[in-house]
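Reading the structure
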Amino acid sequence: MSFRLGHGGRLIDRARPLGFSFDGRRMTGFAGDTLAAALLGAGETLMGRSFKYHRPRGAVAAGVEEPNALMGIGSGPQAEPNARATVVELAEGLEATSQNRWPNLALDIGQLTGLGARLMPAGFYYKTFIHPRAAWKHVFEPVIRRAAGLGRAPRGPDPDRYEQLYAFADVVVAGGGVAGLHAARLAAEAGRRVIVFEQAAHWGGRAPVEGEPVGGLPADAWVAAQLADLAARPNVTLRARATVFGLHDHGYLLAEERCGEGGGTGPRRRLWRVRAGLTVVACGAFERPLPFAGNDRPGVMLAAAVRDYLVNWAVAPGRAVAVVTGCDDAYRTAMALAGAGVRVPVVADLRPGGGGALAARARAMGLRVADGACIARVLGGRSVTGVVLAPADGDGSGGEEIACDAVAMSGGWSPAVHLWSQPGGGLAWDADRGLFRPDPARAPTGADGRPMAVAVGAAAGELALDAALADADRALRAVLGLPAGAPPVTAATAEAPPRTAAMLPARAGHRLRAKAFLDFQNDVKVSDIELAAREGYVSVEHAKRYTTLGMATDQGKLSNVAGIAVLAEARGTPVPEVGTTTFRPPFVPVTIGGLAGEASGPLFQPVRMTPLHGWHAARGAVWEPVGLWRRAYAYPATGERTADAVAREVLAVRGRVGLLDASTLGKILVRGPDAGRFLDMLYVGMMSTLPVGRCRYGVMCNEQGFVTDDGVVARLGSETFLCHTTTGGADRIHGWMEEWLQTEWWDWKVWTLNLTEQFAQIAVAGPKARVLLERLGGMDVSREAQPFMRWAEGRLSGIAARVFRISFSGELSFEIAVAASDGPALWERLMAEGADLGVTPYGTEAMHVLRAEKGYIIVGDETDGTVTPRDLGLERMIASGKADFIGRRGMERAHLVDPGRWRLVGLAAEDGAVLPEGAYAATDARNANGQRVTEGRVTSSYFSPTLKCGIALGLVRRGPERMGEVLAFPAAGGRVLKARIVEPVFHDKDGARLNG
Amino acid sequence: MRRYSVFALAREALRGHTGWGRAWGAAAPRAAYDAVIVGAGGHGLATAYYLGRNHGIRNVAVLEKGWLGGGNTGRNTTIIRSNYLQDASAAIYEKARSLYETLSQELNFNVMFSPRGVMMLAQTEHEVKGYRRTAMANALQGVATEFIGPDRVKALVPIIRIDGPRYPVLGALWQPRGGTARHDAVAWGYARACAAMGMDIVENCAVTGIRVENGAVAGVETTRGPIATRRLGLVVAGHSSVLAAMAGFRLPIESLCLQALVSEPVKPCMDVVVMANTVHGYMSQSDKGEMVIGGGTDGFNNYSQRGSWHHIEETLRALCETFPVLSRLKMLRQWGGIVDMTGDRSPIISRAPVGGVFVNCGWGTGGFKAIPGSGWAMAELMARGEPGPLAAEFDMFRFREGRFIDESVAAGVAH
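Residues numbered from 1 in each chain as written. Chains lettered and ligands numbered in written order. Predicted model: local features only at pLDDT ≥ 70, side-chain atom pairs only at ≥ 80, totals over all residues. Heavy atoms only, no water.

**Thoughts on the nonpolar core**
Basically, it comes down to this: Take the buried Ala, Val, Leu, Ile, Met, Phe, Trp, Tyr and Cys residues and link them wherever side-chain atoms come within 4.5 Å; each set so joined is a nonpolar core. Three exposure classes are used, based on accessible area relative to the maximum for each residue type with a 1.4 Å probe and protein chains only: buried under 20%, partly exposed in between, and exposed over 50%. In this text, helices come from DSSP runs of H or I with a minimum length of four residues, and strands from runs of E with a minimum of two, each type numbered from the N-terminal end. Residues are treated as being in contact if the distance between any of their heavy atoms lies within 4.5 Å.
Ranked by internal contacts, the top residues of the largest apolar core, which has 125 residues, are Phe197 of chain A together with Tyr190 of chain B. For this core, the leading source of residues is helix α7 (residues 183-196) of chain B, giving 8 residues. Apart from the residues within four sequence positions on either side, tyrosine 190 of chain B is in contact with Leu45, Ala46, Tyr49, Tyr50, Leu103, Leu107, Ile371 and Pro372 of chain B. The next biggest cluster of nonpolar side chains, apart from the first, holds 86 residues, and it includes Ala37, Leu350, Ala392 and Ala408 of chain A.

**What about helix α1 (residues 6-13) of chain B?**
The test is simple: Picture the helix axis, draw a direction to every C-beta atom, and the arc is the one those directions span.
Listed in full, the buried residues belonging to α1 of chain B are Ala8, Leu9, Glu12 and Ala13 of chain B. Take α1 of chain B and look down its axis: the buried residues cluster within an arc of 140°, on one side only. Summarising the geometry of α1 of chain B, the exposed residues directed more than 90 degrees from the buried face are Phe7 and Arg11 of chain B. Where α1 of chain B is buried, its residues touch α2 (124-127) of chain A.

**Some details on the sheet that holds strand β6 (residues 70-73) of chain A**
Residue and element names in this part refer to chain A. We apply this condition: Here the rule is simple: two strands pair whenever DSSP picks up at least two bridges between them. Here an angle of 0 to 180 degrees is reported between the N-to-C directions of two axes, which are lines fitted to C-alpha atoms, with helices fitted over the stretch in contact.
Strands sit in the order β3-β2-β8-β6-β7 across an open sheet of 5 strands; the sheet is mixed. Across the chains shown, the open sheet's two edge strands, defined by having one partner strand only, are β3 (25-31) and β7 (80-84). Each strand of the sheet is rotated relative to its neighbour by a mean of 40°, with strand direction disregarded. Relative to strand β8 (residues 94-98), β6 runs antiparallel, the two being bridged by 3 bridges. Looking across to β8, one finds that glycine 72 is bridged to threonine 97.

**Digging into a nonpolar patch on the surface**
Residues and elements named next belong to chain A. The condition that has to hold: In this scheme, patches are assembled from residues that exceed 30% relative accessible area and form no salt bridge. Like charges are connected within 9 Å, while nonpolar side chains (Val, Leu, Ile, Met, Phe, Trp, Tyr) are connected within 5 Å. Per-residue and other accessible areas follow the Shrake-Rupley method at a 1.4 Å probe size, with only the shown protein chains counted as cover for residues. Here a salt bridge means any side-chain nitrogen of Lys or Arg lying within 4 Å of a carboxyl oxygen belonging to Asp or Glu.
Where nonpolar side chains cluster on the molecular surface, the patch consists of Trp102, Ile109, Leu112 and Leu115 and spans about 510 Å² of accessible area. Note that leucine 112 resides in the loop between β8 and α2. Note on leucine 112: relative accessible area 52%, which makes it exposed.

**Some words on the packing of aromatic side chains**
All names here are of chain B. Put simply, the rule reads: Any Phe, Tyr or Trp ring, taking Trp's six-membered ring, that has another such ring centre within 6.5 Å forms a pair; planes under 30 degrees apart are called stacked, those over 60 apart edge-to-face, and the others tilted. Remark: a charge is flagged as sitting over a ring if the NZ atom of Lys or the CZ atom of Arg is within 6 Å of the ring centre and within 35 degrees of the ring normal.
In the structure shown here, the tally under the stated rule is 37 aromatic pairs over all chains. Arranged with centres 5.0 Å apart and planes meeting at 80°, the rings of tyrosine 49 and tyrosine 50 form a pair that is edge-to-face. Residue tyrosine 49 shares its accessibility class with tyrosine 50, and that shared class is buried. Directly above the aromatic system of tryptophan 20 lies the positively charged group of arginine 2, at a separation of 4.7 Å from the ring centroid.

Note that all results are geometric; they support no functional claim without further evidence.
Right, here's the structure in full:
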């Protein structure tokens, strides 16, 4: 059983005990503990359950690579699932809950699946659950889904805050170990802007744990001195608890800062988006487990993790710890344990020739070292009771039972190459060291084609302290163009070459292989990889996907190289030929809320408001989202149904006068000597001939010849036009104009400006519109002074205004544009002056009904990106005299001039009902695929308060040639609605009211 | 082919699963085949499978430059639906969906087709109209969909935020028989069935040239030697333009990077697939418990399979608004794939300007759902030399004539 030592622990403060709970049990740890350290200190080795077989698991690592000790932290809306106990900083009152078990961690029913493990090797689910067909959906999948998953998603909205920022740096150092700090120091001294990110709460990485002096100082003191120096420099930013998790093309680097931890205030997470000239990958290396039966038992840990717990938190994994290793480093653990008074019954070294100087020192301490030996299996269930020691190259038979309650294992180290590889950096297999390391000849390159990253220290495969520092020194000097220098002085320890193993013991049979775990969380064993190879899943990517190796939350940090070694052996090929799977961001899982950032709730796509928004809101407007805007849909009076309000508003416009907030319509100023020529290209009609003072309706198409927007263009001056667009189209059309000007007609003298928000625009529509404007006074709006499709400037009621005589309702109508800030005053004046005229504000739905009664199209209703101007009956709009315009060639193609196309008509239901929008007219015929043949559809449909019946617009095959024909519209429930093809203009066909 | 079943599994359990053979052989290419298909992704393998099954053409090689199923088949978000607006699309996607329903039994390989239901949220009045229209079109096309109100949406997806604030959910287009499948298994299942028919699936075999004689294909050059054939199918998604160039013609295709990501696994919290086109995001929960999330495509062409980061942020922002529980989960992995986009966002299943060459590409962001139907139609085309009704409208010459099959019409991005 693990326990807390009576003394030591470089990171804990024994004077500050902290209370916390685990599965409801109260426990105590110390300030500076991680949750895993505190649990181990309290004697808890059982921390979780594996994904597939629900096997009991304890912490195997001490850092971000931990696959087993995943827990829920907190409760309610602030709960976090799948937190790695090895990196969670202990806090007073912390609530930890184990996951993926029922009813509790010790008595998990799910572990019964382990009994059937032989039936459930890798990919078993591809071979079964096939019959009966319905069972997958109704039985198998629900059961599998319930058993799968780890923690529980919290319920309710996240109450925490997240923040994002941009930063720029010449050099970003990812990793604040000694190599990273030395690299940062060199870059800082050279005057570069430097940011150093360290994922842990403390600096220095592994060196302070080992305790070897650096630069003549104890490692801790050297780290402190570097930090003090760096912190004092204005060109350096230091951030602990900040993990670089992604390095993207062109040096775009992402880091997650956990501001909310360690008693910090402010946002819970901060996302750093950094443009880095050079990224120094100084992320260290991950130790690898060894593949032997029972290597997943709680109490079996990575050797360096054991050392971390011992030195950093004064926690020992057990009273007697067996060590098994393929490299020299684990001897440090053995000696540290022995030095702390923990019994080390044996150090099993796989290498027949044993280890180097460290092994000799261990022997000198009196430790039993067995060369060429391994652990054949671990004894025990939810904890370790002993191990069986056997020859590493044997089959595991015989062997010597050794009592112990923990195991420290080391299968060598894997450099943390993730950041190097994510943007495409290549790796090389270093056979001597048994690891994949960054290949400097295949560095990821930036926009200039030059390397944008350099890996240093352990991340570059230089595992020893002296070599790591020397490597960082040499690499940084080279890349920064500095003269040669000397790295900080350290002692050198010669280490014997490591040995990797695909299975221990090497000739073990299936029974042991089926208990030797590679991917702990996903329960992938040596036998699974071998099965994958046997079945032809020999590509490393296939083996991964078939067995799920490396797909757990640690993304293969512990398992990948071991799995590749097994695959290589099974295939009979060398490791480098197998290769690695693709490294993808993020380096460690990152909180999604932090990636979403501040832009949530009201800041998520903020609502755009017209100057009159407040007025609408105060009158209880029903809103309609249109693009980013909210527009008033209707203004129901108290107790009035929305549909009734719409009808009332329509009748008010037809009978008296109505006001519409038209401010959202796009208003794009187009100016310059070539403005007319430009608009002639943009619109299907002619704009260059429009006289100053006049307005013209225009339709725009894309290159394919399909309608994309429409609106009224006013010529303000000889070189100045104001183009109105649809509400949703304003930004898109402005972008469209710029795209053409910047990429095709870059030599034309045209400038565009999106003025949409600069103006409030109010439509005054209805037979009393002129009377109302005359009451405001200041401008002559008589029929003679301002006929239809003219505009004029002046002052209305003292407010500077531009008045357009245009109509989208079919009534006498003026649209008045004033400065945005004058909008509310003008609106209030119109309401006040028009009170006795019955002036009525109307919303977008009344506007839709009014325009439909008049047969006006709406882009997006009558059009959907497949409709041409001809389809809409707008062929007269297409200027015949123009040499070219956008869409001209597109609309001449065979299918677009096919006389059989669907064209705009009106539709009148035989019973006067409102046809469902989107309904299709179908014939009785079926096409070759068995589908009903259609011949038209309803594009818009309303109840017309003016005509007291339903009206609709639609597109119908050869529609205008088929006036009076009755079409059949199949509807829900087998009903068939009948509607007659009619003219699309239902109201005031001759336009007398409009021109009034 | 060794039949898969729980009994076979039990027998193998007794001997340590040592008796399983390869799912598909490691074939070396032979000198000539009746038909050669380039690209061992889902579409290529399905084409080969139906060539054998429906048309008796079994002297077939499927060439793969890397590892089988390693392109978009292994990178997508596994959504299967057929609620398309245009007749031609609805026909082929519904064919595919219906083939998916029995694919596990057909291939004797559990592809885990899970008809859990797909919903497309309507969050503006415009979308409500669009999806009502689609539902009415689907009814005439024989595709079972319905427009449901916000209460049904909430009942089906309890974790959804229905009342906005930004874009309240106004309803959804609901296809109860849409769902997901295990993407890799689809490729593996087809590969195994093809191998069982005697076809050669040749991995690590890149096509480096296409031999054309007298305007017709004579064979291909590969990194594993020349292979003669008179019938060549190019089924390589994002790299279609590259292969077309080898045969001397051009395709109206742009290749863009589309990204996806998964969260860490959590216990089941969402049973259906939800697509939210107004805010550009879609999500489902895998059987493992990961939230599987997809977003928008990059705005520029590339082949790097690494997309622009801001899409990830935008997608997650949108989905956190829609599903607030997402905020405290963690992103586990993000990746990109190269999608081949046509001008109308609909695929190409077509004869090429070179005799004997057939092209299947342009599936854009939504090819996985189409795999069985696409293979069915492509096999018909390759076997007969002319398209059947499923492929008839998807020829590559439609762009010249303006015969678009435009699906961007009804929905927004996700397709």
